[in-house]
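Chain and residue survey
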Amino acid sequence: MTAYILRRILYLVPTFFGATFLAFLIIQLAPGDYLTQLELDPKVTPETIARLRSQFGLDRPIHEQYLLWMHNLLHLNLGYSFAYQAPVLDIVWPRVVNSMVIVVPSTLFLFLVAIPVGIYGALRQYSLGDRVISFLAYIGLAIPNFFLALIFMYLILQVYFRTGVMVFPVSGMTSSGFEQFDPWKKILDIAWHAVIPIIVVTTSDIAGFSRVMRGQMLEVLSQDYIRTARAKGLAERVVVYKHALRNAVIPFVANIGGILPGLISGAGLVEVVMAWPGITPLLLDSLQQQDLYMVAGFLTIGLVLLMVGNLLSDLLLTWVDPRIRYE
Amino acid sequence: MRKIVAVLVSVAALVGMASAQTFVWPQKWTVAKPSEVKRGGTIREAVISDYRTFNPFITAEAGNVPSLLAGPIGLVRRDPTTGDWIPYMAESWSISPNKLEITFKIRRGMKWSDGKPITADDWIMTWRIHTDKAVGSNSYDSFFLDGKPITLRKIDDYTIRFIYPKTDAEAFSVAGFVPWPAHIFGPVYQKEGAEGIKKMWTLNEKPENIVSGGPWLIESYRPGERLVLKRNPAFGEWNKDEAGNPLPYLDRREIRIVKDTNAQLAEFLAGNIDVMAPATVDHISQIRQAIQQGRLDATIKVNASPVASSQFMVFNWNKASDPFKQSLFRSDKFRRAMSHIVNRQAVIDIVYGGLGTPMYSSVYPVLTQWVNPKVPKYEYNLQEAAKLLAELGFTKKDKEGFLVDSKGRRLEFNLSTNAGNAQREQIAKLIVDEAKKVGVKVNFTAIDFNTLVGQLLSSGPDRPFDAIIIGLTGGGLDWPFGANVVPCKGNLHMWNKSGQCLDPRETQLDALYSRGRSELDFKKRVEIGYRMQEIEAQLLPVIYIAGPNYHPAWNNRLGGEHPDAIISSIWGQRQLELTFIKK
């Protein structure tokens with residue numbers, strides 16, 4: 001087992017260099033660079049732009065820029081943002097924490113709700129309940145997150161116009177005057193702001209996830225060994241949860257690797273629409289401005305987490321599925 | 001500045017009051033009288049993008065934190081009612097006979113927020129750091145005139161002299177830069193140089209360490225979320241209203257970062273933010289509706305003024321590889337015909353929902369003092385366009401209905417703009433349709449912004465585009481012509497980047513630009529500006545289209561806005577220092 005883990009870690013090295021170089025190259029392949037925006041400013045001279053370009057190292061060949069960046073990475077320095085003129089990690093970290101306020105609860109909800117819903121759908125296939133849930137799931141799948149967020153904002157405003165009561169905040173993460181609140185009130189305030197974004201993010205994920213869960217369960221339930229289990233007189237509960245469910249979740253365990261980078265990569269456009277100070281708006285800005293090291297640095301964090309996550313999920317698989325052995 | 005004499009008279013008046021060492025904010029800058037004003041309270045605003053630094057020397061974006069803290073401070077400022085430069089942190093100035101030196105007497109008794117006095121050293125240090133190449137300040141270029149440096153000299157603690165390499169219409173604009181505390185930045189700069197300066201005042205800096213001479217201090221900042229500013233009491237010691245009350249009236253400014261304009265609108269409609277400048281017809285009508293139905297107690301000034309930006313179509317004069325197109329694009333008649341096919345009213349109606357202003361010259365319509373009303377306008381007129389094209393030899397049409405000349409060459413060009421800019425894409429489609437009516441084939445493609453800029457700013461005898469729709473912002477009240485745009489060697493001389501003037505009128509414009517830039521008399525400068533617009537109108541180096549208007553809105557809990565006459569995209573809806581909370 002130890003040998004296996006060591007071997008896997010060794011494999012990660014070329015993957016890491018390959019992936020970072022590819023990311024770096026693709027960002028650089030986009031036309032222009034961070035300073036192109038400045039070129040249309042009538043007040044800035046071309047000499048100034050050329051000077052800044054050489055200060056930022058953007059005038060050097062790509063491989064040289066990449067090697068320099070790698071050198072810094074190996075010293076645990078993700079790079080320096082052009083736009084913020086500050087180390088990438090300092091800027092990214094508080095935003096990632098903000099995003100986690102939405103992402104962590106919604107990931108938990110996802111598992112807590114989607115798995116039972118999927119199982120229910122499989123056990124009561126084509127029942128009224130299953131049809132209703134399927135119907136809702138398709139709606140959830142069809143509505144994009146950002147649009148659902150806009151609908152919620154509209155509803156909140158309409159309720160406010162009619163009753164004068166703000167049920168949930170329209171946008172943002174904290175109320176005005178937040179700094180003066182005592183610690184408990186601060187937590188409650190953030191929780192109050194987080195309700196709608198969490199619902200929005202979870203809804204569409206539940207839809208997809210529960211459909212896959214249902215499909216997996218249905219497939220496993222039609223296997224011979226389930227019939228055998230029933231034939232030898234096991235309680236239905238044992239059949240479903242011990243024999244069927246454990247096999248049905250294997251593909252999910254294999255995908256757990258994706259959850260780790262998912263935790264830091266933000267809640268998506270909901271953050272933009274609802275003015276949540278998470279990582280998505282920051283990353284979108286950086287992409288637009290071609291803030292090279294910001295994007296590359298953030299991709300690197302995600303990459304490392306993905307590699308660690310994949311390793312973890314492979315190890316977890318041996319625990320869930322006794323048929324899998326790494327020797 | 002209309003007349004130096006007039007300014008000197010007002011200087012004399014201010015010197016008379018200078019014993020009090022205060023600057024009195026004129027009553028005419030606000031609709032509110034000092035007696036109705038209430039002190040205290042918070043104004044709540046929203047901005048689209050997050051802040052990047054607190055450091056005044058490396059900040060680059062519009063509306064950055066240092067500029068918020070500083071507000072209007074500088075030796076001189078403009079009076080929004082007249083546009084004239086008036087002394088502000090200076091109590092007076094004198095101009096040397098050769099007009100190359102301006103000596104400012106600095107107001108005494110002004111203090112930084114940490115209690116240290118504001119003196120000539122602060123300006124000198126700020127200028128030193130801005131002009132250090134290694135710092136990379138965005139203001140670097142503003143301290144040079146045609147590549148020659150403008151220098152500052154300290155005469156004594158309260159006297160400072162600006163020395164210009166040549167006479168400059170924008171001399172006061174340069175002198176109006178924001179000073180920063182020398183006792184904070186100086187020691188670091190002496191010890192660690194530019195690298196030390198760059199590391200200072202990042203977003204992680206503790207708010208209490210940020211020193212300001214302006215109306216505001218940082219109270220707190222939450223990344224991506226909210227910046228809270230509080231009143232700087234030291235500013236109120238020398239800034240008073242006419243009744244002698246210290247300014248600003250407000251205790252706090254709370255600025256939320258709301259990236260999505262729909263969310264901004266929702267917050268404004270819910271009464272959670274106080275000021276907004278809606279940009280689309282949809283947003284405007286939602287605000288109007290909410291006001292009419294009594295759901296929101298607010299004011300909106302629709303079409304207060306045009307915005308200070310331009311939108312135009314430029315043809316490429318440097319196409320050595322395609323002599324047919326090159327001679328076409330260099331032809332006056334062709335460009336005039338193209339101006340005739342631009343349906344500016346349709347652009348305003350369709351693209352800006354009826355809330356826009358047509359443009360015919362490089363001077364933004366909002367700069368009313370500068371716009372030459374007599375400039376010829378080649379307005380929408382398809383018959384005239386067809387006639388001009390016929391004069392160029394395009395009389396016959398081919399099978400598809402497009403004009404061809406005697407050699408059978410079709411009248412056709414490619415037009416592009418930056419993808420994702422819905423308004424420019426709509427303008428382009430309107431032009432394609434109208435061109436088709438007179439028999440000109442326009443092939444429109446939307447391309448990536450950076451690629452577009454690359455094509456536009458490429459130089460040499462053969463450049464890779466036919467026509468581009470793009471816009472520019474940033475043109476001064478002192479001299480509204482672009483230093484990079486008008487001169488033939490300018491980086492933004494977009495139609496012709498061969499590096500030399502090709503048309504005698506370009507040479508003429510180039511010369512007039514330099515003359516105007518060094519002319520100190522405002523009236524004479526306006527005359528030169530008028531002349532330039534006439535030449536531009538004949539030459540049509542670019543074809544101006546139309547621009548959107550400015551529609552400020554505010555919640556009626558705020559008082560102290562500008563009188564209607566000065567609400568515009570140049571001066572904004574209010575002086576924040578004179579703004580107060582009514583209820």
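This report concerns the structure included in the present document. (Residues numbered from 1 in each chain as written. Chains lettered and ligands numbered in written order. Predicted model: local features only at pLDDT ≥ 70, side-chain atom pairs only at ≥ 80, totals over all residues. Heavy atoms only, no water.)

**As for the overall build of chain B**
- A count of helices and strands for chain B gives 16 helices and 29 strands.
- For 583 residues, the compact-globule formula gives about 25 Å, and the C-alpha radius of gyration of chain B, at 26 Å, lands near that figure.
- Dimensions along the principal axes, computed over C-alpha positions, put chain B at roughly 80 × 60 × 45 Å.
- Nonlocal contacts in chain B, meaning residues at least 24 apart in sequence, comprise 69% of its contacts between residues at least 6 apart. (Helix = DSSP H or I, 4+ residues; strand = E, 2+ residues; numbered from the N terminus. Rg over C-alpha atoms; globule rule 2.2 N^0.38 Å. Contact = heavy atoms within 4.5 Å.)

**Some details on the sheet that holds strand β11 (residues 216–222) of chain B**
All names here are of chain B.
- Pairing is mixed in the open sheet, where four strands are placed in the order β2-β14-β12-β11. Since the sheet does not close on itself, it has two edges, and those belong to β2 (42–47) and β11, each with one partner. Taking the axes of each pair of neighbouring strands and ignoring which way they run, one obtains an average angle of 20° across the sheet.
- Two elements, strand β12 (residues 226–231) and strand β14 (residues 252–257), share five bridges in a ladder whose sense is antiparallel. Bridge pairing in β14 links Leu227 to Ile255. (Pairing = 2+ DSSP bridges. Axes fitted to C-alpha atoms, helices over the stretch in contact; angles between N-to-C directions.)

**A look at the interface of chain A and chain B**
- Counting from both sides, the interface comprises 50 residues of chain A and, opposite them, 50 residues of chain B.
- Inspection of the region where chain A meets chain B yields two salt bridges.
- We note a salt bridge from B:Asp50 to A:Arg95, for which the minimum N-O separation is 2.4 Å.
- Going through the elements one at a time, α2 (46–55), α4 (88–123), α6 (145–163), α12 (269–273) and α13 (279–289) of chain A are the ones with two or more residues in the side of chain A that touches chain B.
- In terms of residue class, the side of chain A that touches chain B is made up of 24 nonpolar, 17 polar and nine charged. (Salt bridge = Lys/Arg side-chain N within 4 Å of Asp/Glu carboxyl O. Nonpolar A, V, L, I, M, F, W, Y, C, P; charged D, E, K, R; others polar.)

**With respect to the sheet that holds strand β16 (residues 298–300) of chain B**
Residue and element names in this part refer to chain B.
- Here three strands make up an open sheet; going across it, the order is β15-β27-β16 and the pairing antiparallel. The sheet is open, and its two borders are formed by β15 (275–276) and β16, each paired with just one other strand.
- Of the pairings in the sheet, the one linking β15 to strand β27 (residues 553–555) comprises two bridges and is antiparallel in character. Across the sheet, residue Val275 finds its bridge partner in β27, namely Trp554.
- Set on the sheet, helix α8 (residues 281–292) makes contact with β15, β16 and β27; between it and β16 the angle comes to about 140°.

**Concerning the nonpolar core**
- Judged by nonpolar contacts, the single largest core of 118 residues is most densely connected at B:Phe104, B:Trp123, B:Ile160, B:Phe162 and B:Leu227.
- Here this core takes eight residues from helix α14 (residues 292–320) of chain A, the largest share from any one element.
- Looking at this core, you find at least three residues from each of domain 1 (2–88) and domain 2 (94–320) of chain A.
- Not counting residues up to four positions away in its chain, the partners in contact with B:Phe104 are B:Leu75, B:Val76, B:Ala90, B:Ser92, B:Trp93, B:Tyr158, B:Thr159, B:Ile160, B:Phe162, B:Phe172 and B:Ala175. (Core = buried A, V, L, I, M, F, W, Y, C linked by side-chain atoms within 4.5 Å. Buried < 20%, exposed > 50% of the residue type's maximum accessible area, 1.4 Å probe, protein only. Domains from an automatic or database assignment.)

**A closer look at the pairing of strand β6 (residues 101–106) of chain B**
Residue and element names in this part refer to chain B.
- Summarising the sheet, strand β5 (residues 90–95) and β6 pair through five bridges and their orientation is antiparallel. Bridge pairing in β6 links Ala90 to Ile106.
- Connecting β5 to the antiparallel partner β6 that follows it, the hairpin turn spans five residues, and Lys99 within it adopts a positive phi of roughly 65°.
- Judged from the five bridges that link them, β6 and strand β10 (residues 159–163) form a sheet pairing that is antiparallel. Bridged to Phe104 within β10 is Ile160.

**Observations concerning unusual backbone geometry**
Residues and elements named next belong to chain B.
- Along the chain, Leu247 connects to Pro248 via a cis peptide bond; the corresponding omega equals -10°.
- In this fold, Pro248 is placed in the loop between β13 (239–240) and β14.
- Positive phi is not limited to glycine here, since Leu540 has a value of about 45°.
- Along the chain, Leu540 turns up in the loop between α16 (522–539) and β25 (542–544).
- Overall, Leu540 belongs to the buried group, its relative accessible area being 7%.

Purely geometric stuff here, so don't read any function into it on its own.
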